[in-house]
Amino acid sequence: MKKYVVIGDPIQHSMSPVMHNDLFQFYRMDAVYKAVHIKKGMLKEGLQQLREMNVAGFNVTVPHKTDIIPFLDSLDPLSEAIGAVNTVVKENGKWIGYNTDGTGYLRGLLSELTTLRDKKILMIGSGGAARGIYFTLAHHGVERIDIVNRSLDKALNLKESCPYSVNTTIVDKWTAEANCGEYDLIIQTTSIGMSPNVEESPLDISNISEKALVSDIIYNPLNTKILQDAKSKGARTQNGVGMFVFQGALAFEKWTGIFPDADRMKRNVLKQLGGN
Ligand code: ATR
């Protein structure tokens, strides 16, 4: 039986095991997926445990996405540029790192929008998740991606480290709030608004266009404060379930060669989250 795991800290609430085990059963594969708790600073010992278990592949989540890199045998170019890995595949005995977060986000987005090329985008945040999304969208080709972030230096570093060219202005919060009506798409990548801090929002979007889409990568809660604000202004919204499902689907494809039924995965995740 092939073994797959997700490593992180905390990890007990991860929905990945239920999502992947359902797929292994559905496709009649002799494989199992488990959550393995590895504390920050204990990666070396934890990875030794995975080698002893002879895992065929694994997912990596907070706080290990960057720290894992020195322990891998090689990285694909996108995960190398992003500087973060969320999926590891064992190929010919070697551990190869990939990043399916940005591509997973893009797949989810393309189920809402037919084209991105003409879109003016405002991205909130400049952390690890933002890097994956920014690089992937820049590579895909969009009209503009402006960035608003609490720390301007991190936003600048994100822009400057991107290997793909895209029009970007780093804007402060007040400018972003005043001009948010200019954007077709606002992407929220920070942890602000995540449970239990469900009353918080990173940006006042009162000036948003009703034609805009607001996309939050948070899925707990499904309807964050910024998404509620967007709905009250008549704008469209997307929660983080799509990104979560597609990053998992792309990891599953890397491990098995099968791109799984994403609608089935989504129904399964929503069942766990108590949404619909
Ligand atoms: P991840 O890797 O999950 O994206 P991260 O690297 O810790 O997480 O990044 C979190 C993002 O949320 C960053 O953009 C961070 O802003 P800074 O770059 O200024 O740190 C943003 N963020 C988190 N908490 C915040 C808060 N209370 N106010 C404003 N921004 C916050």
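Residues numbered from 1 in each chain as written. Predicted model: local features only at pLDDT ≥ 70, side-chain atom pairs only at ≥ 80, totals over all residues. Heavy atoms only, no water.

1. Some words on the pairing of strand β5 (residues 87-91)
Of the strand pairs in this sheet, strand β3 (residues 57-60) and β5 are connected by 3 bridges, and their pairing is antiparallel. Bridged to Gly 57 within β5 is Val 89. Pairing geometry for β5 and strand β6 (residues 94-98), over 5 bridges, is antiparallel. Note that in β6 the partner of Lys 90 across the bridge is Trp 95. Counting the residues that bridge the hairpin from β5 to β6 gives 2 residues, and of these Asn 92 lies at a positive phi of roughly 50°. (Pairing = 2+ DSSP bridges. Helix = DSSP H or I, 4+ residues; strand = E, 2+ residues; numbered from the N terminus.)

2. Remarks on the pairing of strand β8 (residues 144-148)
Counting buried positions over the 5 residues of β8 gives 5, a clear majority of the element. Judged by which residues are buried, β8 turns out to be covered on both faces: Arg 144, Asp 146 and Val 148 on one side and Ile 145 and Ile 147 on the other are all buried. Of the crossover connections in this fold, the one passing from strand β7 (residues 120-124) over helix α5 (residues 128-140) to the parallel β8 is right-handed. Relative to strand β9 (residues 170-171), β8 runs parallel, the two being bridged by 2 bridges. Note on β9: the bridge partner recorded for Val 148 is Val 171. Where the polypeptide runs from β8 across helix α6 (residues 152-161) and back to β9, its parallel neighbour, the crossover connection is right-handed. (Buried < 20%, exposed > 50% of the residue type's maximum accessible area, 1.4 Å probe, protein only. Right-handed = clockwise from strand over helix to strand, strands pointing away.)

3. As for the domain arrangement of the protein chain
The domain architecture assigned to the protein chain consists of domain 1 (2-99 + 242-273) and domain 2 (103-239). For domain 1 versus domain 2, the distance between C-alpha centres works out to 25 Å. Listed by partner, the interface residues are 14 residues for domain 1 and 16 residues for domain 2. Buried surface at the junction of domain 1 and domain 2, summed over both partners, amounts to about 1,400 Å²; 73% is from carbon and sulfur atoms. Where domain 1 touches domain 2, the interface holds 0 salt bridges. Applying the counting criterion to the domain 1 and domain 2 interface returns 1 residue pair in polar contact (both at pLDDT 80 or more). Taken together, the elements giving at least two residues each to the side of domain 1 that touches domain 2 come down to α3 (77-82), α9 (241-256) and α10 (262-273). Looking at which element gives the most residues to the side of domain 1 that touches domain 2, the answer is α9, with 6 residues. Taken together, the residues that form the side of domain 1 that touches domain 2 break down as 11 nonpolar, 3 polar and no charged. (Domains from an automatic or database assignment. Contact = heavy atoms within 4.5 Å. Buried area = accessible area lost by both parts, 1.4 Å probe. Salt bridge = Lys/Arg side-chain N within 4 Å of Asp/Glu carboxyl O. Polar contact = N/O pair within 3.5 Å; in protein donor to acceptor, adjacent residues only side chain to side chain. Nonpolar A, V, L, I, M, F, W, Y, C, P; charged D, E, K, R; others polar.)

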